[in-house]
Amino acid sequence: DRPVITVTAPAAGDVVVKGQSFTVTWVKYGHMKRKVRIRLYKNGRKVAHIKKKIHNTSSYSWMVPCRIPAGSGYTLRVETLNRKVYDYSDPFTITE
């Protein structure tokens, strides 16, 4: 079977608060690399690396940096380090 990552949180319409922790979650299927990275996008453009290399445990507690501008249209991409297996979250909002 082809490996798959499916991001389950943040979900569509979620509001994430700067300076607070938010748990990013994903489901993994099939054989894939043991580590992943998480990137933040806004309206399709990469904004930041959330975590460059973490164990593929299906969750990560993200402390949302205060330096990220508030707004809507954000998504997170969880991907294997070789970028062959990935998924984007649904759009969410970051607020003060």
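Check the entry above for the structure.
About the criteria used
Residues numbered from 1 in each chain as written. Predicted model: local features only at pLDDT ≥ 70, side-chain atom pairs only at ≥ 80, totals over all residues. Heavy atoms only, no water. Helix = DSSP H or I, 4+ residues; strand = E, 2+ residues; numbered from the N terminus. Buried < 20%, exposed > 50% of the residue type's maximum accessible area, 1.4 Å probe, protein only. Areas by Shrake-Rupley, 256 points an atom, 1.4 Å probe, with all protein chains shown as cover. Lys, Arg positive; Asp, Glu negative; His and termini not counted. Charge placed at Lys NZ, Arg CZ, Asp CG, Glu CD. Contact = heavy atoms within 4.5 Å. Pairing = 2+ DSSP bridges. Core = buried A, V, L, I, M, F, W, Y, C linked by side-chain atoms within 4.5 Å.

Enquirer: What is the right way to read the overall build of the chain from this model?
Expert: Of the regular secondary structure elements, the chain holds zero helices and nine strands. Beginning at the N terminus, the succession of helices and strands in the chain can be written as β-β-β-β-β-β-β-β-β. Expressed along its principal axes, the backbone C-alpha trace of the chain runs to roughly 40 × 20 × 20 Å. Within the chain, the fraction of its 96 residues that count as buried is 40%. Accessible area for the chain stands at about 5700 Å²; split by element, carbon and sulfur atoms hold 48% of it. Put simply, the chain has 18 plus and 6 minus side-chain charges, and the middle of one group is 12 Å from the middle of the other.

Enquirer: Teacher, can you tell me more about the side chain of R39 here?
Expert: Relative to the assigned elements, R39 resides in strand β4 (residues 35-42). In contact with R39, not counting residues within four places along its chain, are K46, A48, H49, I50, T75, L76, R77, E79 and R83.

Enquirer: How do you make sense of the pairing of strand β7 (residues 71-80) when you look at a structure like this?
Expert: On any regular strand, side chains alternate: one points to one face of the sheet, the next to the other face. Taken across its 10 residues, β7 has nine buried, putting it largely inside the fold. Across seven bridges, the pairing between β4 and β7 is antiparallel. Across the sheet, residue R39 finds its bridge partner in β7, namely R77. Relative to strand β9 (residues 92-95), β7 is paired through two bridges, and the arrangement is antiparallel. Across the sheet, the residue bridging to Y74 is F92, located in β9. Alignment of β7 against strand β8 (residues 86-88), held across three bridges, turns out to be antiparallel. Note on β8: the bridge partner recorded for V78 is D87.

Enquirer: Honestly, the nonpolar core in this entry has me stumped. Any pointers?
Expert: Taken as a class, soluble globular proteins show a tendency for nonpolar side chains to be buried jointly. W26, L40, W62 and I94 are the most contacted members of the largest nonpolar core, which has 24 residues in total. Of all elements in the fold, only β1 (4-9), β3 (21-29), β4, β5 (45-55), β6 (59-63), β7 and β9 reach the threshold of two or more residues within this core. Aside from chain neighbours lying at most four places away, what touches I94 is V16, K18, L40, W62, V64, I68, P69, A70, G71 and Y74.

Enquirer: Explain the environment of I38 to me, please; I cannot follow it from the model alone.
Expert: By the element assignment, I38 lies in strand β4. By relative accessible area, I38 is classed as buried at 0%. Between the alpha carbons of I38 and R77 there is a distance of 5.6 Å; along the sequence they are 39 residues apart.

Coordinates in, geometry out; function isn't part of it.
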